[in-house]
Amino acid sequence: MKNYISFFILILGIISCNSDEDKSLEGNFEFTSKYSATVTVGGVVGIKERFFETGEVYKGSDRGKETIRIRIAEHSQLNDNCPNSMCYQEFLDVPRVNLKFVK
């Protein structure tokens, strides 16, 4: 009987655990200050300094960490089967102090 109770408590503990994915906030994020980052643009250019202005809005995901991941480019066939010389960066992790959630 004690084995069944222990097993039941173990199962309840596993079920009640939360993962980081449960805390994810998806939506639009607005830059609260100017921000710049080096991004991969692919092709001959390779990398480029990208500047973001205050007020620009991007779709993103906040997983409760020190950065928020925003989408800076849409996926295309060029990015299939990466890495290759034509791949470009689709996502950018931005420190949360530079972004705010927009309803």
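Since we're looking at a predicted model, the values are computed, not measured.

Definitions and cut-offs
Residues numbered from 1 in each chain as written. Predicted model: local features only at pLDDT ≥ 70, side-chain atom pairs only at ≥ 80, totals over all residues. Heavy atoms only, no water. Helix = DSSP H or I, 4+ residues; strand = E, 2+ residues; numbered from the N terminus. Contact = heavy atoms within 4.5 Å. Phe/Tyr/Trp six-rings, centres within 6.5 Å; stacked < 30°, edge-to-face > 60°. Pairing = 2+ DSSP bridges. Axes fitted to C-alpha atoms, helices over the stretch in contact; angles between N-to-C directions.

As for the environment of Lys34
At step 1: One can find Lys34 in the loop between strand S1 (25-31) and strand S2 (35-42).
At step 2: As for Lys34 and Leu99, which are separated by 65 residues in sequence, their C-alpha atoms are 10.0 Å apart.
At step 3: Once you skip the residues sitting within four places of it in the chain, Lys34 turns out to touch Phe52, Glu53, Thr54 and Asn98.

Here's the deal with the packing of aromatic side chains
Each pair of aromatic rings is reported with the distance of its centres and the angle of its planes.
At step 1: Applying the stated criterion to the full structure yields six aromatic pairs.
At step 2: Here the aromatic rings of Phe29 and Phe101 are separated by 5.5 Å at their centres, their planes lie at 70 degrees, and the arrangement is edge-to-face. Of this pair, Phe29 sits in strand S1 while Phe101 sits in strand S7 (residues 99-102), and the two are 72 residues apart along the sequence.
At step 3: Ring geometry for Phe31 against Tyr58: centres 5.9 Å apart, planes inclined by 90 degrees, an arrangement best described as edge-to-face.

A word on the sheet that holds strand S6 (residues 91-95)
At step 1: One open sheet holds the five strands; their spatial order is S6-S5-S4-S1-S7, and the pairing between them is antiparallel. The outermost strands of the open sheet, each flanked by one partner alone, are S6 and S7. Across this sheet, the average inter-strand angle for adjacent strands is 45 degrees, counted without regard to direction.
At step 2: Examined bridge by bridge, strand S5 (residues 67-71) and S6 share five bridges and lie antiparallel to one another.

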